[in-house]
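This is what each chain is made of:
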Amino acid sequence: MSGRECGACPIEGRREFLRAAASLLATFAGLGASPAVAEALAIRPGSALRVRGGNATYPIPDADGAMIDRQEQVILVRFDGNLYAFNLSCPHQNTALKWEAKDQRFQCPKHKSRYQPDGTFISGRATRGMDRLAIRRAGETVVVDVDVMFEEDKDPAGWAAAKVTL
Ligand code: FES
């Protein structure tokens, strides 16, 4: 046996550890899980490449994550093969939403409404999902129309369609 052994550890030696890690990765790939989705969703501040009228243009993020543009009050999210643009404000009483990294959810700091990364309502005082903004692809960018907002309870079909599928 090469490597150091640990009497209390079920995995003995470096070679066995690497074999176990490779097996785990193979299982992960076999399940079709995306490593980008399985990892914690990254969030960062950002800004539009340009703004003309109500149209804010952003580069397409190359990995799952969220970007908060406080200037335009937009949250741009890439999640599970889709891009979404959200109004930064909570649909309950317009408080700026925050990302809770430990839960991988958006949360309102005022009354604690919680939302999935795609804006789906989970719990709290709000009565609908995060408000989505109109979004369309333009080459390697997306254009968000900050003047066109879809509220899930008033326009469920428009809300559901407000995304760019990658
Ligand atoms: S303002 Fe967000 S839950 Fe009340």
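Values in this document were obtained by computation on a predicted structure and should not be read as measured data. (Residues numbered from 1 in each chain as written. Predicted model: local features only at pLDDT ≥ 70, side-chain atom pairs only at ≥ 80, totals over all residues. Heavy atoms only, no water.)

K.L.:
Provide a residue-level description of the overall build of the protein, including the pertinent values.
P.N.:
Counting secondary structure elements, the protein contains three helices and 13 strands. Counting only residues that meet the buried cut, the protein has 37% of its 166 residues in that class. In the protein, the proportion of contacts linking residues at least 24 apart, taken out of those at least 6 apart, comes to 40%. In the form shown here, the protein has an accessible surface area of approximately 9,600 Å², with 52% of it arising from carbon and sulfur atoms. (Helix = DSSP H or I, 4+ residues; strand = E, 2+ residues; numbered from the N terminus. Buried < 20%, exposed > 50% of the residue type's maximum accessible area, 1.4 Å probe, protein only. Contact = heavy atoms within 4.5 Å. Areas by Shrake-Rupley, 256 points an atom, 1.4 Å probe, with all protein chains shown as cover.)

K.L.:
Outline the nonpolar core, supporting the account with residue identities and numerical values.
P.N.:
Of all hydrophobic cores here, the largest spans 17 residues; its most connected members are I75, V77, F86, L97, F106, Y115 and M130. If you tally residues by element for this core, the top one is strand β5 (residues 74-79), at three residues. Contacts of Y115, omitting those with residues within four sequence positions, involve C90, P91, L97, R105, F106, T120, F121, I122, A126, R128, G129 and M130. I60, L76, L83 and L133 belong to the second-largest nonpolar core, a separate cluster that totals 14 residues. (Core = buried A, V, L, I, M, F, W, Y, C linked by side-chain atoms within 4.5 Å.)

K.L.:
Give a description of the packing of aromatic side chains that names residues and reports values.
P.N.:
Applying the stated criterion to the full structure yields four aromatic pairs. When the ring of Y84 is compared with that of F86, the centres are 5.9 Å apart and the planes differ by 20 degrees; the resulting orientation is stacked. A relative accessible area of 5% means that Y84 is categorised as buried. F86 sits in the buried class, given a relative accessible area of 0%. In this structure an aromatic cluster arises from ring pairing among Y84, F86, W99 and F106. The ring of W159 has R132 sitting right over it, with the charged end atom 3.6 Å from the ring centre. (Phe/Tyr/Trp six-rings, centres within 6.5 Å; stacked < 30°, edge-to-face > 60°. Lys NZ or Arg CZ within 6 Å of the ring centre and 35° of its normal.)

K.L.:
A description of the pattern of salt bridges should follow, citing residues and the corresponding values.
P.N.:
Using the criterion set out here, one finds seven salt bridges in the structure. Between D103 and K102 there is a salt bridge, and its shortest N-O distance comes to 3.3 Å. A residue is classified by how much of its surface remains accessible, and D103, at 29% relative accessible area, is partly exposed. You can call K102 exposed: its relative accessible area is 69%. The salt bridge involving R128 is made with D131; its shortest N-O contact spans 2.7 Å. (Salt bridge = Lys/Arg side-chain N within 4 Å of Asp/Glu carboxyl O.)

K.L.:
Break down the sheet that holds strand β9 (residues 114-115) for me, citing the residues and quoting the values.
P.N.:
Strand order in the open sheet formed by four strands is β7-β8-β9-β10, with antiparallel pairing between adjacent strands. With partners counted over all chains shown, the strands left at the sheet margins are β7 (98-100) and β10 (121-123), one partner each. When strand β8 (residues 105-107) meets β9, the two strands line up antiparallel, connected through two bridges. Within β9, the position partnered with Q107 by the bridge is R114. (Pairing = 2+ DSSP bridges.)

As far as function goes, none of this settles anything; it's purely spatial.
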